[in-house]
Structure formats: structure tokens, C-alpha cells
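# Observations on the model geometry
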Amino acid sequence: MILWILRIVALVFLLWFIAPIFKGYFNIGNKMGIILSLWVLLFYTNTPVFEYVKNLCYSYPMLTILWNIAKWLIYAFIFYAVVVTLAMIIASLVKPKSNATAITLGIRAEKDGPSPLLKGRINATKKHLDKNSKYVAVLSGGKTKLDYEHESHCMYRTLTDMGIDKARLYIEDESLSTYENVLFSYRIIEDLQKEKNLAIITDRFHQLRARFIIKKLGITAHVGAVNSRTSFLYIPTYYVREWFGLVFELLFRSQPHRQ
């Protein structure tokens, strides 16, 4: 019974990871999600195959060592994924201070306008700004190879069309990563002498990495989360993507693409 439940869950997630590909989204999140789902379906819950490989490995000392190493690596990865996912949720629950300056983090701008994820962040920005006429926001995002226009320009145009006063919006259009989103936006906040407490507007899965980058940059301001609504189709893909994005930020990101 347990194996059948695992098979059904793995199949559901396999289809869930595949679906964004038809919308043009194929990144480390759904690539790894597809691999993990197939591994559960074709190996872990396939008892004859699993037992055959296990018995074969235990027939040779070196393969036995590799089998046990692989087993503990899998356990470690599962533990890491659970801990990081819980940390993402916790980071998304931190409320911003009432005087915080908002930074809206960009994501893909498509041919016909904002992508579903960017649209969610735009809507969250409008809702946040509507709460208090004194709130302002830095719209952050350049033009990557996946964008049809600058992400920040797309956000600015959409928000002003929604009735948000242009004077409350500031554009940061050079960044090509979350690291640069935070770094370049905070420079704008400092130059304009705006309140340095921050309200980060992005999806729940993205809040932890943004907070991590802020700490990495030595920014000591209070950081709160304003969460956008993530389209159901992309939830597992982007949560898995963040598992690897956090490791990349920790191990490899030491400076922006440009100064």
C-alpha cells in the first residue's frame, strides 16, 4: 500500500514538473523534479529492479560501499530539502515594519507582458502600496536573455496603468540576478535617502534567498516579507529550484556580474 501511494505521488509530481515546460519554463527546478520523480517511479518503488540492484551491489565490496554512500547521500538530501523548505516558509512569515521601503524582485517579462510569476509580484506590489499612500517601491530587474523587455520597465508600466502614482515607483533596470536585484536596489535606496528597513515583494519560495543575500551583503536593516501569489502550476518547480539556488548563492556568488 505504501509503495502504491509513493508511486501515485511520484506520478502526480512528475506531471506537475513537466507541465511548466509547455509554458516555456525549463530550469534546474523541474529538471531535478523530473529526475527525482522518475527515480521513485522506476527504481525506488519498483521492487524487482530495486532488489536486483541492491543484491548485485552487496555481491561486491566496492559496490557495497558505493551503495551505502549513495543511501546516506539521499537521506542527507531529503533532510536538506525538508529543512530548507521549512526555512522558506518561516522567512515568508516575517512582517515588514510600517515604514519599510519595498523592493519588488523581478522575474521573466514575456512577449505579451508580465509572466504569471511577475504578474503575481506586480499585484502584490499594488496591494502593498494601496495600504498606505506613503509607501514607495523600487522595481528591480534588467533584461536577461529570457526577457522580451526589462522586467522593471514591465512592472512600472503595468503598475502605472493600474493607477499607481509614478512618483512612488523607482526603477532599477541593470540587475540580472537576485543578488544584483538586492545590491543595486539598496544602492538606489541609499542614494535617495529612503527608509532602509525593507519590505521584499516576491514569491514565498524566494524570500529566504533574498534574506540570505541581504545578510551576505552586510545590510543590517530589518527585512520583512510581502508575498505574491504563486501560480499553482509553478509551485513545485520553483521550490525545488530554490534548493539549488541557495547552495549556489552560498558557494559561488561572491560579487555581481557588474559593479
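Going by the structure above, here's the rest.
Please read these numbers as outputs of a predicted model, since none were measured by experiment.

## Focus on the packing of helix H4 (residues 61-91) against helix H9 (residues 235-251)
Relative orientation of the contacting elements H4 and H9 amounts to 100°, with a least axis distance of 10 Å. Taken together, the axis directions place H4 and H9 in an arrangement best described as roughly perpendicular. In this structure, H4 uses Phe77, Tyr80, Ala81, Val84, Thr85 and Met88 to contact H9, whose residues at the interface are Tyr239, Glu242, Trp243, Phe244, Leu246 and Val247. Class assignment for the residues of the contact of H4 with H9 results in 10 nonpolar, 1 polar and 1 charged.

## Some remarks on the sheet that holds strand S1 (residues 101-105)
Judged by pairing direction, the sheet is parallel, and its 5 strands sit side by side in the order S5-S4-S1-S6-S7 without closing on themselves. If you trace the sheet from one side to the other, it starts and ends with strand S5 (169-172) and strand S7 (223-228), each paired once. Each neighbouring strand pair of the sheet contributes to a mean axis angle of 25°, computed without reference to strand direction. Here S1 pairs with strand S4 (residues 137-140) via 4 bridges, running parallel. Residue pairing across strands places Ile103 opposite Val138, the latter belonging to S4. Relative to the sheet, helix H5 (residues 116-131) contacts S1, S4, S5, strand S6 (198-203) and S7, its axis offset from that of S6 by approximately 145°.

## Thoughts on unusual backbone geometry
Glycine aside, negative phi is the norm for most residues, and most peptide bonds take the trans geometry. The phi dihedral of Gln193 falls on the positive side, at around 55°, and the residue is not glycine. With respect to the helices and strands, Gln193 occurs in the loop between helix H7 (178-192) and S6.

## A short note on the packing of aromatic side chains
The tally for this structure, following the rule as stated, stands at 17 aromatic pairs. Seen from the ring of Trp4, Arg7 lies directly overhead, with NZ or CZ sitting 4.6 Å from the centre. Positioned over the ring face of Tyr25 is Arg108, at 4.0 Å from the centre of the ring.

## Digging into the nonpolar core
One finds Met88, Leu118, Leu169 and Tyr238 to be the most contacted residues of the largest nonpolar core, which totals 36 residues. For this core, the secondary-structure elements that each account for two or more residues are helix H1 (2-18), H4, H5, S4, helix H6 (151-161), S6, helix H8 (204-216) and H9. Those residues within four positions of Tyr238 in sequence are excluded, and the remaining contacts are Tyr25, Asn27, Ile107, Leu117 and Phe205. Among the nonpolar cores identified, the runner-up in size contains 17 residues, and Leu105, Tyr179, Leu198 and Ile213 belong to it.

What counts and how
Residues numbered from 1 in each chain as written. Predicted model: local features only at pLDDT ≥ 70, side-chain atom pairs only at ≥ 80, totals over all residues. Heavy atoms only, no water. Axes fitted to C-alpha atoms, helices over the stretch in contact; angles between N-to-C directions. Helix = DSSP H or I, 4+ residues; strand = E, 2+ residues; numbered from the N terminus. Parallel < 35°, antiparallel > 145°, perpendicular 65-115°, else oblique. Contact = heavy atoms within 4.5 Å. Nonpolar A, V, L, I, M, F, W, Y, C, P; charged D, E, K, R; others polar. Pairing = 2+ DSSP bridges. Phe/Tyr/Trp six-rings, centres within 6.5 Å; stacked < 30°, edge-to-face > 60°. Lys NZ or Arg CZ within 6 Å of the ring centre and 35° of its normal. Core = buried A, V, L, I, M, F, W, Y, C linked by side-chain atoms within 4.5 Å. Buried < 20%, exposed > 50% of the residue type's maximum accessible area, 1.4 Å probe, protein only.

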